Amino acid sequence: TLGTRGLFAIFLIYSGMRPELSDDTFITFQYVRTWYEHGILNWHRDLPLVDGFTSVGHVLLLRSGMGLGLDIFTVNTVICFGAFGCIWLLFLLATRGMAPIPRLLGLSVIALHNGFVFWVGAGLDAVPYAACFFAAYVAFDRAVRLQRFDVWTAVSIMALAIMRPD
């Protein structure tokens, strides 16, 4: 709808005003670069291995994009905005049957929430994680209504576990 497109345009403009990246993003980028350049998933090839990092799924997505020859910043932007789009789509699916005004108000809360805008603009893995969490929630809710699990439920729960295994 026109209102949804307008909110998305406002979100894009607003998130462009917050171009800084958080330190967590740079840490993830360093892991991915070391893996891409040296074939080892570590902070630095000359340092001892660490026990883990925040988001396996985010690292795998970034590394896959770099494998296609894309710049890591571009890949991360696509991941974050794609995840944001998924959250909106999932919201629309979860609120099917509601009147248009409450749905639009819900979308505006998502679009204009300062923390969410920062997460997308700063490239944090929180946005893909939130998308996976929301997908698992919607899929589980659907499975309960249908009284059976399906492939979508299983895939969404696996994606959630890969994105943030902690």
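Residues numbered from 1 in each chain as written. Predicted model: local features only at pLDDT ≥ 70, side-chain atom pairs only at ≥ 80, totals over all residues. Heavy atoms only, no water.

Caption draft 1: Main features of a nonpolar patch on the surface. Nonpolar side chains collect at one region of the surface, where Phe 140, Val 144, Phe 149 and Ile 157 lie side by side and expose about 400 Å² of accessible area between them. Along the chain, Val 144 turns up in helix 7 (residues 126-146). (Patch = residues over 30% accessible without salt bridge, like charges linked within 9 Å, V, L, I, M, F, W, Y side chains within 5 Å. Areas by Shrake-Rupley, 256 points an atom, 1.4 Å probe, with all protein chains shown as cover. Salt bridge = Lys/Arg side-chain N within 4 Å of Asp/Glu carboxyl O. Helix = DSSP H or I, 4+ residues; strand = E, 2+ residues; numbered from the N terminus.)

Caption draft 2: Representation of the layout of surface pockets. Approximately 210 Å³ is the volume attributed to the largest pocket. What lines the largest pocket is a set of 14 residues, and nearest its centre among them are Cys 86, Leu 90, Ala 131, Cys 132 and Ala 135. For the lining of the largest pocket, the secondary-structure elements that each account for two or more residues are helix 4 (72-94), helix 7 and helix 8 (151-163). At five residues, helix 8 tops the list of elements feeding residues into the lining of the largest pocket. (1 Å grid on protein atoms, 1.4 Å probe; cavity = no way out; pocket = protein on both sides within 12 Å on 5 of 7 lines; lining within 4 Å. Points joined across faces, edges and corners; volume = space filled by probe spheres on them.)

Caption draft 3: Highlighting the environment of Asp 141. Looking at the element boundaries, Asp 141 is found in helix 7. Distance in space between the C-alpha atoms of Asp 141 and Thr 153 is 9.1 Å, their sequence separation being twelve residues.

Caption draft 4: Focus on the nonpolar core. With 13 residues, the main nonpolar core has Phe 84, Ile 87, Trp 88, Phe 91, Ile 110, Val 127 and Phe 134 as its most contacted residues. Mapped by element, the contributors of at least two residues to this core are helix 4, helix 5 (100-112) and helix 7. For this core, the element with the highest residue contribution is helix 4, accounting for six residues. Among the nonpolar cores identified, the runner-up in size contains eight residues, and Val 32, Leu 62, Met 66 and Ile 72 belong to it. (Core = buried A, V, L, I, M, F, W, Y, C linked by side-chain atoms within 4.5 Å. Buried < 20%, exposed > 50% of the residue type's maximum accessible area, 1.4 Å probe, protein only.)

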